[in-house]
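# Descriptive analysis of the structure
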Amino acid sequence: MACGQGAKKSILGLLFRAQQQTARAYSSSAFQTHQLSTHVPQDGVFFRRFSSEVSSSEQMNLIKQLRQRTSAPIKDVKASLVACNWDIEAAQKDLRKRGVALAAKKSSRTAAEGLLAIAQDDKRAAVVELNCETDFVARNDVFQYLASSLAKMALSSQGPGELFMPFGPELLENMSINLDHPMISGETTVQSAVTEVAAMVGENVKLRRGFMLSTTAHGVVSSYMHTCPQPGMGRIAGLVTLEAEDSSTLLDAVKSVGSSIAMQIVATKPLFLSKELVSASALENEHEILRTQAESSGKSQMAMDKMVEGRLRKYFEEVVLMEQKYVLNDNTNVKTVLNDLSKEVGSKVTIGNFIRMEVGEGIERTEAADGSEVAAGGAM
């Protein structure tokens, strides 16, 4: 019996020692694993290497931070963080790479929404059209920032003596642009900036076109933007230059009338400045239509001639800016308003040039085989 008890104590002692050794071995192994999974740089900042070391609350915080930085969809943000072991800097780079590739795939899709952005001073103005696929993206802060930056760049690139100049994207694409926005900053090319914004918003984004407008030594450039989310942006733009013959003329009244005429341009869509500038082809086409309409009436030749003359006068009132009824007073027309302004300021005031632009005008929409829309083409 004594021998049995001694043997039992011996066995219990061996079991106790074995448990202690196992516990020490487990502790050492766990410590080594922790060392392997945690990188400690010289500055003492820890970076997690394995997702098992990142708590759920930390993961949510990293997702939130990266989404704020990039505006990328949550599922893409999480996918990049997981792929990069929750290293937010590496995940941001990964997102940019994915976004650029995705932007290239989407470049054939219709981008007929967007914004016009204008930059101007007293003598010059530049307006650009930046397109996207939906009006939702057009309201995006980084999209609007890019549009505004491109307008300012176009204005700064305008050379002396360029009174009226339409331009395409090729004018700006290879220029260097310095951006300062929480989501996009640093120096890059215009084309790279457009691609990066496309990657952020997940849509096709394109710089489509622009216009530069300037006035002579003594005049003003006036503008009006319609449906504008903030100053200097909108979906429709009207710009006009007014020039005073006398260089000593005070321009306050000229600026006021210029603003109302810019609004007129947006509202009434004039095609020509004066009757003399109506193209021969447009006049011939309209005359032929009116003559056909008159002949169908069955009236005499004299009556038909009067009908054509009256309807042609009506046509001029619709498409010629100087002949249009003034939007602020339909009892007069723009020509009379300018004459009255000239008397008021003591110098002849004339319109130099005008522009009307609208987002997406001239872009044809066609449906691809997969049901998505693609751009078939568009006019400047």
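Residues numbered from 1 in each chain as written. Predicted model: local features only at pLDDT ≥ 70, side-chain atom pairs only at ≥ 80, totals over all residues. Heavy atoms only, no water.

### Structural notes on the overall build of the chain
Keep this limit in mind: Put simply, DSSP H or I for four residues or longer makes a helix, DSSP E for two residues or longer makes a strand, and each gets a number counted from the N terminus. Note on classification: 1.4 Å probe, protein chains only; a residue is buried when its accessible area is under 20% of the maximum for its type, exposed when over 50%, partly exposed between these limits. Here a residue-residue contact requires only that any non-hydrogen atoms of the pair lie within 4.5 Å. All accessibility values rest on the Shrake-Rupley procedure with a 1.4 Å probe; residue burial counts only the protein chains present in the view.
When you go through the chain residue by residue, the secondary structure sums to 11 helices and 16 strands. Counting only residues that meet the buried cut, the chain has 39% of its 380 residues in that class. For the chain, the proportion of contacts with a sequence separation of at least 24, taken over those separated by at least 6, is 62%. With an accessible surface of roughly 21400 Å², the chain has 53% of that area assigned to carbon and sulfur atoms.

### Quick word on the nonpolar core
To keep things clear, this is the line we draw: For our purposes a nonpolar core is just a set of buried Ala, Val, Leu, Ile, Met, Phe, Trp, Tyr and Cys residues, chained together by side-chain atoms within 4.5 Å.
By size, the foremost hydrophobic cluster in this structure holds 34 residues, and its most contacted members are Val128, Leu130, Phe143, Leu150, Val190 and Val205. Among the secondary structure elements, those contributing two or more residues to this core are β3 (113–120), β4 (124–132), α5 (135–138), α6 (141–156), β6 (176–181), α7 (190–201) and β8 (206–214). Counting residues per element, this core draws most heavily on α6, which supplies nine residues. Setting aside residues no more than four positions away along its own chain, Val128 makes contact with Leu115, Leu116, Ala117, Ala147, Leu150, Ala151, Ala154, Phe167, Leu207, Arg209 and Gly210. Val240, Ile265, Tyr326 and Val334 belong to the second-largest nonpolar core, a separate cluster that totals 21 residues.

### Some points on the sheet that holds strand β9 (residues 219–226)
Heads up, the condition is: Think of it this way: DSSP has to see at least two bridges between two strands before they count as a pair. Note on geometry: axes are C-alpha line fits, over the in-contact stretch for helices, and angles between N-to-C directions span 0 to 180 degrees.
Pairing within the open sheet is antiparallel, and its three strands lie in the order β9-β11-β14. Each end of this open sheet is capped by a strand with a single partner; those strands are β9 and β14 (349–358). Looking at each pair of strands side by side, their axes are set apart by 15° on average, direction ignored. Direction of pairing for β9 relative to strand β11 (residues 236–244): antiparallel, over a ladder of eight bridges. In the sheet register, Ser223 faces β11, and the bridge partner there is Leu239. Here helix α11 (residues 334–345) sits on the sheet in contact with β11 and β14, set at roughly 135° to β14.

### Structural notes on the pattern of salt bridges
The condition is simple: Every case where a carboxyl oxygen of Asp or Glu lies within 4 Å of a side-chain nitrogen of Lys or Arg is listed as a salt bridge.
Under the criterion given, the structure shown has 10 salt bridges. One salt bridge connects Asp305 with Arg291, and the closest N-O pair in it is separated by 3.0 Å. Of this pair, Asp305 sits in helix α10 (residues 301–319) while Arg291 sits in helix α9 (residues 280–295); the two residues are 14 residues apart in sequence, bridging distant segments of the chain. We classify Arg291 as partly exposed; its relative accessible area is 21%. The closest approach of N and O atoms between Arg356 and Glu358, which form a salt bridge, is 3.2 Å. Judged by its relative accessible area of 25%, Glu358 is partly exposed.

### Considering the pairing of β11
Taking burial as the measure, the nine residues of β11 include nine buried ones, the bulk of the element. Burial of the side chains of β11 extends over both faces: Ile236, Gly238, Val240, Leu242 and Ala244 are buried on one face and Ala237, Leu239, Thr241 and Glu243 on the other.

### Brief notes about helix α3 (residues 74–83)
Heads up, the rule is: To be clear, the arc concerns the directions from the helix axis to the C-beta atoms.
Within α3 the residues assigned to the buried category are Val77, Ser80 and Leu81. Summarising the axial view, the buried residues of α3 lie within an arc of 100°, below the 170-degree limit, and thus occupy one face. α3 presents Lys75 and Ala83 as exposed residues on the side facing more than 90 degrees away from its buried surface. Within two residues after α3, Asn85 carries a phi angle of roughly 55°, on the positive side.

### A few points about the environment of Val128
Relative to the assigned elements, Val128 resides in strand β4. Judged by its relative accessible area of 1%, Val128 falls in the buried class. C-alpha separation for the pair Val128 and Ala237, spaced 109 residues apart in sequence, amounts to 10.0 Å.

### Description of the packing of aromatic side chains
Under the convention used in this document: Centres within 6.5 Å are what make two rings of Phe, Tyr or Trp a pair, Trp counting through its six-membered ring; a difference in plane orientation under 30 degrees is then read as stacked, over 60 as edge-to-face, and the rest as tilted.
With the rule as written, the count across this model stands at two aromatic pairs. Note on Phe164 and Phe211: the rings are 5.7 Å apart at their centroids and 40° apart in plane angle, and the pair reads as tilted. Here the residue Phe164 occupies a position in strand β5 (residues 164–167), and Phe211 occupies one in strand β8, the gap between them amounting to 47 residues. Residue Phe211 is classed as buried on the basis of its relative accessible area of 12%. When the ring of Tyr315 is compared with that of Phe316, the centres are 6.0 Å apart and the planes differ by 50°; the resulting orientation is tilted.

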